[in-house]
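What follows is the residue order along each chain.
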Amino acid sequence: MFTRHSIGVGVLFNPSLADFVEHCSDAVDFYSVIPERFWNDHGRGASQRFVPLPNEIELLDRIAAKKSVVAHGVGLSIASASLFDLDYVHQLKAWQARYGFAWISEHLAAVRIAQAAGSDHHAGLALPLPWDEELLDLLCERIRQAQDVLGQAMLFENGVEYTPVPFSEMSEPAFLNALVERTGCGVLLDLHNLHVNAKNLGHSPVDFIDALNLDAVQEIHIAGGSSMHGIYLDSHSGPCPPEVFELLSLVAPRCPQLRGVTFEFLESYFPMMGDQGVLAQIAAARQALQPSMSNVPCPLPSSSARLAT
Ligand SMILES: [Fe+2]
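Notes on the structure follow. Bear in mind that the values here come from a model prediction, so they are computed numbers and not experimental data.

## Some points on the environment of A174
Here's step 1: Examined against the element boundaries, A174 turns out to sit in helix α5 (residues 172-183).
Here's step 2: A C-alpha to C-alpha distance of 14 Å links A174 and C185, two positions 11 residues apart in sequence.

## Examining the packing of helix α8 (residues 242-251) against helix α9 (residues 270-293)
Here's step 1: Between α8 and α9, the shortest axis-to-axis distance is 8 Å and the interhelical angle comes to 35°. For the pair α8 and α9, the crossing hand works out as right-handed. On α9, the residues touching F245, L248 and S249 of α8 are Q281, A284, A285, A288 and L289.
Here's step 2: Split by residue class, the contact of α8 with α9 holds 6 nonpolar, 2 polar and no charged.

## Here we look at the pattern of salt bridges
Here's step 1: Tallied over the entire structure, the rule returns 13 salt bridges.
Here's step 2: D120 serves as the salt-bridge partner of R112, at 2.8 Å between the closest nitrogen and oxygen. Of the two residues, R112 and D120, neither departs from the other in class, the shared state being buried.
Here's step 3: Among the ionic pairs, R144 bridges to E141, the shortest N-O distance being 3.7 Å. Placement of the pair is R144 and E141 together in helix α4 (residues 133-150), with a separation of 3 residues, close to one helical turn.

## What about the side chain of S80?
Here's step 1: Along the polypeptide, S80 turns up in the loop between β5 (68-72) and α3 (86-99).
Here's step 2: Reaching out from S80, the side chain makes a polar contact with the backbone oxygen of R112 at a distance of 2.5 Å.
Here's step 3: Discounting chain neighbours no more than four positions away, the residues touching S80 are A110, V111, R112 and R142.

## Topic: the side chain of N14
Here's step 1: Summarising the element assignment, N14 is placed in the loop between β1 (8-12) and α1 (18-24).
Here's step 2: Judged by relative accessible area, which is 1%, N14 ranks as buried.
Here's step 3: In terms of polar contacts, N14 uses its side chain to reach the side chain of S16, at 2.5 Å.
Here's step 4: Separated by 3.1 Å, the side chain of N14 and the backbone oxygen of F265 make a polar contact.
Here's step 5: Ignoring anything within four residues of it in the chain, the contact list for N14 reads R37, F265, L266 and E267.

## What to know about the coordination of the iron ion
Geometry reference: four tetrahedral donors at a metal, ideal angle 109.5 degrees. Six octahedral donors, ideal angles 90 or 180 degrees.
Here's step 1: The protein atoms donating to the iron ion are E157 (OE), D190 (OD), H221 (ND1) and E264 (OE), with metal-donor distances spanning 2.1 to 2.4 Å.
Here's step 2: For the iron ion, the 4 donor atoms are set out with angles of 80 to 167° between them, so the coordination reads as irregular.
Here's step 3: Site description for the iron ion: donor spacing in sequence, E-x32-D-x30-H-x42-E. Residue H221 is located in strand β11 (residues 217-223), and its partner E264 is located in strand β14 (residues 260-264); the two are separated by 43 residues in the primary sequence. Of the two residues examined, H221 and E264, each falls in the buried class.

## Let's talk about a nonpolar patch on the surface
Here's step 1: Side chains of L125, L127, Y162 and I231 sit close together on the surface and give an oily, nonpolar patch of about 320 Å² of accessible area.
Here's step 2: Looking at where L125 falls in the secondary structure, it is placed in strand β8 (residues 121-127).

## A word on the packing of aromatic side chains
Here's step 1: Under the definition given, this model contains 10 aromatic pairs.
Here's step 2: Pairing Y99 with F101 gives two aromatic rings, centres 6.3 Å apart and planes at 20°, and the pair type is stacked.
Here's step 3: The buried category is assigned to Y99, whose relative accessible area is 0%.
Here's step 4: Taking relative accessible area as the criterion, F101 reaches 3% and is therefore assigned buried.
Here's step 5: Taken together, a centroid distance of 4.7 Å and an interplanar angle of 50° make the contact between W131 and F175 tilted. Placement of W131 in the loop between β8 and α4 and of F175 in helix α5 is noted, with a sequence separation of 44 residues between them. The exposure classification of W131 matches that of F175, with both residues buried.
Here's step 6: Each member of the aromatic cluster is reached from another via a ring pair, and the members are F38, W39, F50, Y88, W95, Y99 and F101.
Here's step 7: Cation over ring: R98 sits above W95, and NZ or CZ is 5.8 Å from the ring centre.
Here's step 8: Sitting over the face of the ring of Y232, K199 holds its NZ or CZ atom 5.2 Å from the ring centroid.

Here is what the cut-offs are and how they apply
Residues numbered from 1 in each chain as written. Predicted model: local features only at pLDDT ≥ 70, side-chain atom pairs only at ≥ 80, totals over all residues. Heavy atoms only, no water. Helix = DSSP H or I, 4+ residues; strand = E, 2+ residues; numbered from the N terminus. Axes fitted to C-alpha atoms, helices over the stretch in contact; angles between N-to-C directions. Left-handed = near helix turned anticlockwise from the far one by under 90°. Contact = heavy atoms within 4.5 Å. Nonpolar A, V, L, I, M, F, W, Y, C, P; charged D, E, K, R; others polar. Salt bridge = Lys/Arg side-chain N within 4 Å of Asp/Glu carboxyl O. Buried < 20%, exposed > 50% of the residue type's maximum accessible area, 1.4 Å probe, protein only. Polar contact = N/O pair within 3.5 Å; in protein donor to acceptor, adjacent residues only side chain to side chain. Donors = N, O, S within 2.8 Å, 3.2 Å for Na, K, Ca; no water. Tetrahedral: all angles 85-135°; square planar, octahedral: opposite > 155°, others 65-115°. Patch = residues over 30% accessible without salt bridge, like charges linked within 9 Å, V, L, I, M, F, W, Y side chains within 5 Å. Areas by Shrake-Rupley, 256 points an atom, 1.4 Å probe, with all protein chains shown as cover. Phe/Tyr/Trp six-rings, centres within 6.5 Å; stacked < 30°, edge-to-face > 60°. Lys NZ or Arg CZ within 6 Å of the ring centre and 35° of its normal.

Take a look at the structure:
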């Protein structure tokens, strides 16, 4: 479990880790779970919208009995102009009550577009956003509402851009800083996303970090990627590149509220790593965090993060 003056290191759970949970959980401090993996969503307006998946929930119960769990949502689509899905937030609230997530994060992105009838269109990935005042006003209002429902601050994650996004009025860190200032939300800083933007667009991760209010960073994501047709993809396809661990060593000591570092990978790449490969990434993250451990004031996580039922 987490301890005072320490930063937890965890892994984003996917089904390939079912055996890892049984045999290797001593190596991690927490599991990050994607809540949408544990129910079927039949769409806004459906008479029974969220249908639990018994086998997946049995696995989640086993995870929560062993370790703290944090929630990493992928489906809220909080930046969609055409919809704001408060029913989804209430569903998250119900699961927070059941599993006592130590924190709840989401992507600062749009993934869905409402249709006049039927289910929403889904982009299949988080679309980048123009960082402007209109979007800032929209998101501040929605984040306040979501946090009121949940009764706690949420974390929002920086994104990936594969092409320049036109019409932005401010930088992404300036936008995140304004969100933090106006809503009290926290930041999930994804270092691989910064690496992707550096590889494809030449954006400086260090400039991003220097411009971000690091007091708001409570979780960091690390991951690996791959190149295809000259584009570096945020594919979560295995071990982290060295640059990500270098960024972790650089930024973690500057984040006084940092509570956890999470290694993300997609289950289709598990055969290339196996349990030992995942354990090696956890160990490398702990190594990169060594300089941070002695000067973190109080990243005390919730002790209520165990299974609450
Ligand atoms: Fe991430």
